[in-house]
Amino acid sequence: MMNTFTKLVMVCMLLISTTLFAQNRSVSGTVKDATGTGVPGASVTIKGTTKGTSTDVDGKFSISVTSGATLQFSAIGFTTQEIKVAEQSTIDVKLVNDDKALNEVVVVGSRATQRSLTDSPLPIDIFSATELKSTGQPSFDKALQYRVPSFNTVNTPVNDATTLLDPWEIRNMGPSRSLILINGKRKNLSSLLYVQFSPGRGETGVDLSAIPQQAIKRVEILRDGASAQYGSDAIAGVMNIILKDKYDYTTVNVNTGVTSKGDGGMYNVSLNSGSNVGGKGYINYTVDFLQQNSAVRSGIVHVPTEIATFGGSPEADAMITRFLKDYPTAGNINGSGETTAGRFLINTGFKLSENQEIYGNAAMVVKRVSSFANYRTPYWRQDRGLLHSPTDNNGVNYVTQATLAFPDEDKVDLYKGYIGYVPTFEGDLLDYNATIGAKGETNGWKHDVSLTTGFNSQTYTVDNTVNRSLGKSSPTRFKPGGYQFGHLVGNIDISKQVNEKLGIAFGMEARNEQYTIIAGDDASYDREGSNSFPGINKINAGTNKRFNVGGYLDLSYDITKDFLLNGTVRSEKYSDFGNANVWKLSTRYKLADDKVVIRGSASTGFRAPSLHQIYAQSVQAAFVGGTIQSSGLFNNRSAQARALGIPSLKPEKSLNYTVGIAITPTKNFSITLDYFSIDVKDRIVYSSSITTSDKNLASPVTDLGRILKGTAVGAGNYDLSSVQFFINGIKTKTSGIDYVVSYRNVALGKGKLSFNLAGNYMLQNKIVGTPAEPAPVKAAGSSILNTQIKSLLTESRPKTKVILGIDYSVSKWNINLNNTLFGKTAFQDLDNGGGDMENIKAEFKPAVVTDLSVGYSFNSKVSLTLNANNLLNVIPKWDLVALNEKGKAAIANPEDKALLRGFLGFSGRYDILGYNGSQFSQLGTVFNANFQVRF
């Protein structure tokens, strides 16, 4: 008995020791490509588990594994390899190029069989998640700003609804002329229509900030018109966001940051995880939470400009001077708003068989933002007795409790017991999208069938303000309404490589869109409406829909192994404006053993007017000459539009040309140079603020004057200062050059150095000809397209932008130095009454923004990255420039120049903020850190 027990113990000890030995077994090695070069970032996982690691900069790895386990080695562009671990402690792997993986790029020249980047007849940029992360930017749109030369976005200082998302654009074409895809499927537009005097005015676009960076596998950008392949909106190009799919490991990222001035604190926690389902499928999900505090960059108000704007009497002038001496910023809180956001995303796929797969993805973001309007100073806006003043009998200082206080109550008497107030703006956003589909291959025919839905909702709140016309019965908190936009999209795509030379593809898309205008509470729009943000009248509220269906045919033919021709035709039918037919031809020719590729394309395109532009109707408060005036936006189907001869909107039409060359002398060295030209006919613009020459609005004599005289639908019971419309008003010509030079894997000591130079240079961005003025507008002495709007369209984005990136990796360290040159921008304002503004403009000076990122990997699972964005604290700078001799005379005297500068910056409130033409952020240096853990 004792002997048997002893044997049992010995066997158990042997099993335990074997298990312990197996658990502690370490396997290391190197993952290389076909040339013998180490593959950095390759995934090394233990099959059937969630355990794994990734290779370092030299392709080396180390992992603890049990004997008999199987290691899986994978990387983008390579075939996955599996190796069973026996007794070896070293494993070297040579990965094989996966042509299918290289060809899975979606946004290419043809919807037929996909080609690798070197074979593509069109310019394509691909950015990995690592490249986006190295920018140190907290949101996806800001990361693109410092990675894509032709992509531009910037904060506006008095944001209102724009706080929810900043206008962005590619190739200076506005946010509505670039199509955004998620895994190849159309992303829904935002419900917001930009109305600020900033780039992107009068348009809408996709909320890129809603997409969590941790969920992104890579980003593909097609720099060419693609309406024939993808339909409306693809005039400037297509951006396809590919989500992470196969699960390798769970990643937790903790980000935090602050500006060099100590404000704008950012706190972000993100989790990316998932599971592989029996070797046949995957689930990958991301959860992300963000808190971004406000950063204040208010300007010093220029006293003479303020007196010229609001003064006029000795008493008023004295009050302005005294107030600004006590409070030089006039109490303004301008800069970037506060944001709280939660973002959720899931991506999944499952193989039903070797050639059949079902897939799906869904995402949702909830966001709340808050910002401020301009401070209502006592000499500007007197709402005495409507908001509690510091001298109320109950002793309550409402301004102090709400948002901003002037604690020097002993000075209140200097301003006759009233010290003003600052309205707040709050916005709530919900954005979601989801796709479900099936794809596969039968007898060489590939098919992809999908259904996509998307929705965006924004509702607003304004606080600490009043509706003056309601007197003492006015509330101080209003719900001015909001907007919703949603779509439902069905796609069928079928393709086949008929033989070695011919590829064919065809398909169709059906899309239903719905746009809803939500009315505000009665007090927010009654008569004058809530000050700073008038509400939406219930007369203008409602839901409008449209439906369209389109189909395409795509043929790709290899005349020789080096010479490719591709052609696509598409036809669309919309329920609200009719048909659109477009085409595209592209070609590519390879030379010198594929080391030189000459490529080009010609295409027509179209952009359907958005439902926002067709149906939006409201009253906005805007600054005109330093004062707030109410302007009515009336849609093209209104009685007011008919009275002024404004026609219904029709689609924009474009003609695109691209010619380029790609040179790849060696595997690690490449150069691309592409010329592009985009002509847009019937371009939709948001008109100028149209005013009348009537001297007495009490008895107007023009049609425009009668509309402004309180008779306009949705204007309430008070007069408007101006009206605005959308109109197919102009033809534009945009052309430029894109270039990319990349040199990778340069040996330096024990590390590797990489250089990347990418740039965009605009040759032309101009309005062709003179827009036709509707007769009633011309009769009233007004214009649909004034100097201000022309300047926004043609000068408000950088003429040139160059990004020079230098990466150095050695051992556990990775260092990235990025220098972004922002070229000049400009803005020309309206005439100030003396004619000076027609002869001068504000010009923002070129500047280089330097970003430094230093990362350290403690081991294969834990890393820390420190970022200093705008390391040298470069702030946008601008000055007045003369356009002619009259302009030179207008700014020759320093006092006169300062006064004109004050008018352009609204008395200096936006002096560094660049409301209309700033090339980059006004926040200066921003420090942030990222701590990442994998398990």
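Each chain carries its own residue numbering, running from 1 in the direction its sequence is written. In keeping with the predicted nature of the model, local features appear solely for residues at pLDDT of at least 70, side-chain atom pairs appear and are counted solely at 80 or more, and the whole-chain, interface and lining totals rest on all residues. Side-chain metrics in this entry use all non-hydrogen atoms of the structure; hydrogen atoms and water are not considered.

**Details of the overall build of the chain**
Now for step 1: Under the DSSP-based scheme used, a helix requires at least four consecutive residues in state H or I and a strand at least two consecutive residues in state E, with every element numbered from the N terminus. Looking only at helices and strands, the chain features 16 helices and 44 strands.
Now for step 2: Under the scheme applied here, a residue whose accessible area is under 20% of the maximum for its type counts as buried, over 50% as exposed, and between as partly exposed, the area being computed with a 1.4 Å probe on protein chains only. Relative to its 935 residues, the chain shows a buried fraction of 56%.
Now for step 3: Per element, the accessible surface of the chain, about 37,200 Å² overall, is 59% carbon and sulfur. Calculation of accessible area relied on Shrake-Rupley with a 1.4 Å probe; when residues are assessed, cover is drawn exclusively from the protein chains displayed.

**Let's talk about the packing of aromatic side chains**
Now for step 1: Pairing of aromatic side chains requires ring centres within 6.5 Å, counting the rings of Phe and Tyr and the six-membered ring of Trp. Pairs whose planes differ by under 30 degrees are stacked, by over 60 edge-to-face, and all others tilted. A full pass over the atoms with the stated rule returns 28 aromatic pairs.
Now for step 2: With 5.8 Å between their ring centres and 85° between their planes, F289 and F344 make a pair best called edge-to-face. Here the residue F289 occupies a position in strand β17 (residues 281-292), and F344 occupies one in strand β20 (residues 338-353), the gap between them amounting to 55 residues.
Now for step 3: Judged by its relative accessible area of 43%, F289 is partly exposed.
Now for step 4: Both rings, one in F563 and one in Y589, keep their centres 5.7 Å apart while their planes meet at 70°; by these two values the pair is edge-to-face. Of this pair, F563 sits in strand β27 (residues 563-574) while Y589 sits in strand β28 (residues 578-591); the two residues are 26 residues apart in sequence, bridging distant segments of the chain.
Now for step 5: The class for F563 is partly exposed, based on a relative accessible area of 27%.
Now for step 6: These aromatic residues form a ring-pair network of at least three members: F310, F323, Y327, Y379, W380, F906 and Y910.
Now for step 7: To sit over a ring, a charge needs its Lys NZ or Arg CZ within 6 Å of the ring centre and within 35 degrees of the ring normal. Note that K439 overlies the ring of Y359, its terminal NZ or CZ placed 5.5 Å from the centroid.

**Some words on empty space enclosed by the protein**
Now for step 1: Only protein atoms enter the 1 Å grid, on which a cavity is a set of points fitting a 1.4 Å probe that cannot get out and a pocket is an open set with protein on both sides within 12 Å along at least 5 of 7 lines, lining residues being those with an atom within 4 Å of a point. Grid points are joined across faces, edges and corners, and a volume is the space filled by probe spheres set on the points. Applying the stated rule across the entire model yields 11 cavities of 30 Å³ or more.
Now for step 2: For the largest cavity, the calculated volume is near 760 Å³.
Now for step 3: Forming the walls of the largest cavity are 39 residues, and the residues nearest its centre are P138, S139, K142, N155 and Q292.
Now for step 4: Where the lining of the largest cavity is concerned, the elements lending two or more residues are α4 (140-145), β17, β20, β41 (847-857) and β44 (926-934).
Now for step 5: Class assignment for the residues of the lining of the largest cavity results in 12 nonpolar, 21 polar and six charged. Only Asp, Glu, Lys and Arg are considered charged, only Ala, Val, Leu, Ile, Met, Phe, Trp, Tyr, Cys and Pro nonpolar, and every remaining residue, Gly among them, polar.

**Some words on helix α16 (residues 894-904)**
Now for step 1: All of the buried residues along α16 are L900, G902 and L904.
Now for step 2: Residue contacts are defined here by distance: any two heavy atoms, one from each residue, within 4.5 Å place the two residues in contact. Contacts made by the buried residues of α16 are with α6 (303-310), β39 (825-827), β40 (840-844), β43 (878-882) and α15 (885-890).
Now for step 3: The definition of a polar contact used here is a pair of N or O atoms within 3.5 Å, where within protein one atom must be able to donate a hydrogen and the other to accept one, and adjacent residues in sequence count solely through side-chain atom pairs. Where α16 begins, the capping side chain belongs to N893, and its oxygen is found 2.8 Å from the backbone nitrogen of E895.
Now for step 4: Among the residues trailing α16, F906 stands out with phi positive, at a value near 45°.

**Looking at the side chain of S638**
Now for step 1: Inspection of the secondary structure puts S638 in the loop between β31 (627-633) and α11 (639-643).
Now for step 2: Within polar-contact distance, the side chain of S638 engages the backbone nitrogen of A641 at 3.2 Å.

**Quick word on the nonpolar core**
Across soluble globular proteins, nonpolar side chains have a tendency to be buried as a group.
Now for step 1: Here, nonpolar core means buried Ala, Val, Leu, Ile, Met, Phe, Trp, Tyr and Cys residues that are tied together by side-chain atoms lying within 4.5 Å of each other. Among the nonpolar cores identified, the biggest contains 55 residues, and F140, L208, M239 and I241 are the most heavily contacted of them.
Now for step 2: For F140, the residues in contact, after removing those within four places along its chain, are L132, L208, I211, Q213, I216, V219, M239 and I241.
Now for step 3: Among the nonpolar cores identified, the runner-up in size contains 32 residues, and A641, I789, F827 and I840 belong to it.

**What to know about the pairing of strand β14 (residues 237-243)**
Consecutive residues of a regular strand have side chains that alternate between opposite faces of the sheet.
Now for step 1: Along β14, seven of the seven residues are buried, which leaves the element largely enclosed by surrounding structure.
Now for step 2: Summarising the sheet, strand β11 (residues 178-182) and β14 pair through five bridges and their orientation is parallel. Paired with L181 across the two strands is N240, which belongs to β14. For two strands to be treated as a pair, DSSP must find no fewer than two bridges joining them.

**With respect to the sheet that holds strand β13 (residues 216-222)**
Strands belonging to one sheet form pairs held by backbone hydrogen bonds; the direction of such a pair is parallel or antiparallel.
Now for step 1: The five strands lie next to each other as β8-β13-β14-β11-β12, forming an open sheet whose pairing is mixed. Of all the strands in the sheet, the pair left with one neighbour each is β8 (124-128) and β12 (185-186).
Now for step 2: In this structure, β11 lies alongside β12, joined through two bridges in antiparallel fashion. Bridged to I182 within β12 is K185.

**What to know about a nonpolar patch on the surface**
Now for step 1: Nonpolar side chains collect at one region of the surface, where V277, I283, Y285, I346, F350, L352 and I358 lie side by side and expose about 530 Å² of accessible area between them.
Now for step 2: Those elements that provide at least two residues to the nonpolar patch are β17 and β20.
Now for step 3: Considering every element that reaches the nonpolar patch, the biggest residue donor is β20, with three residues. The patch calculation keeps residues exceeding 30% relative accessible area without a salt bridge and links them within 9 Å when they carry like charges or within 5 Å when they are nonpolar (Val, Leu, Ile, Met, Phe, Trp, Tyr). The term salt bridge refers to a side-chain nitrogen of Lys or Arg lying within 4 Å of a carboxyl oxygen of Asp or Glu.

**Focus: the side chain of N188**
Now for step 1: Assignment of secondary structure puts N188 in the loop between β12 and β13.
Now for step 2: A polar side-chain atom of N188 sits 3.3 Å from a polar atom in the side chain of D431.
Now for step 3: A distance of 3.5 Å separates a polar side-chain atom of N188 from the backbone oxygen of F455.
Now for step 4: Residues contacting N188, with those up to four places away along its chain left out, are V206, D431, Y432, N433, G454, F455, N456 and H487.

**Some remarks on the sheet that holds strand β5 (residues 70-74)**
Now for step 1: The strand order β3-β2-β5-β6 describes an open sheet built from four strands, whose pairing is antiparallel. Each edge of the open sheet carries a strand with a single partner, namely β3 (52-54) and β6 (81-84). When strand polarity is set aside, the average angle formed by the axes of neighbouring strands in this sheet is 20°.
Now for step 2: Bridge analysis of strand β2 (residues 43-46) against β3 gives three bridges, and the strand direction is antiparallel. Looking at β3, one finds that T45 is bridged to G52. Between the N-to-C directions of two axes lies an angle of 0 to 180 degrees, each axis being a line fitted to C-alpha atoms and, for a helix, fitted only over the stretch in contact.

**Observations regarding the environment of S863**
Now for step 1: Residue placement: S863 occurs in strand β42 (residues 862-869).
Now for step 2: Given a relative accessible area of 12%, S863 falls into the buried group.
Now for step 3: C-alpha separation for the pair S863 and R934, spaced 71 residues apart in sequence, amounts to 8.9 Å.

**Here we look at unusual backbone geometry**
Now for step 1: Located in the positive-phi region is N870, a residue other than glycine, with phi close to 55°.
Now for step 2: Residue placement: N870 occurs in the loop between β42 and β43.
Now for step 3: Look at N870 and you get buried, because its relative accessible area is 5%.
Now for step 4: For N873, which is not a glycine, the phi torsion comes out positive at approximately 55°.
Now for step 5: Mapped onto the elements, N873 comes out in the loop between β42 and β43.

**With respect to helix α14 (residues 787-795)**
Now for step 1: Taken residue by residue, α14 has T787, Q788, I789, S791 and L792 as its buried positions.
Now for step 2: Where α14 begins, the side chain of N786 points an oxygen toward the backbone nitrogen of Q788, at a separation of 3.1 Å.

**Considering the confidence of the model for the chain**
Now for step 1: For the chain, mean pLDDT is 85; residues scoring 70 or higher make up 87% of the total.
Now for step 2: Known as pLDDT, the predictor's per-residue confidence is scaled from 0 to 100. Counted against residues more than four places away or in other chains, residues 11-22, with its pLDDT under 50, gives three contacts.
Now for step 3: Counting contacts from residues 99-105, a segment whose pLDDT is below 50, to residues more than four positions away or on other chains yields 16 contacts.

**Re the pairing of strand β16 (residues 266-277)**
Now for step 1: Sheet analysis places strand β15 (residues 251-259) next to β16, joined by seven bridges and oriented antiparallel. When the bridges of β16 are listed, V252 appears paired with L271.
Now for step 2: Counting the residues in the hairpin turn of β15 and β16 gives six residues, including G262, whose phi is positive at 90°.
Now for step 3: Examined bridge by bridge, β16 and β17 share 12 bridges and lie antiparallel to one another. If you follow N276 over to β17, its bridge partner there is Y282.

**Some thoughts on the pattern of salt bridges**
Now for step 1: The full count for this structure, using the stated rule, is 44 salt bridges.
Now for step 2: When the shortest N-O distance is used, the salt bridge between D166 and K142 registers 2.8 Å. Highlighted residues: D166 in the loop between β9 (151-153) and β10 (168-170) and K142 in helix α4, separated in sequence by 24 residues.
Now for step 3: Measuring nitrogen to oxygen at the nearest pair gives 3.2 Å for the salt bridge that ties D738 to R223. Within this pair, whereas D738 is found in strand β35 (residues 726-748), its partner R223 is found in the loop between β13 and α5 (227-230), the two being separated by 515 residues in sequence.
Now for step 4: Its relative accessible area of 4% is what places D738 among the buried residues.
Now for step 5: With relative accessibility at 5%, the residue R223 sits in the buried group.

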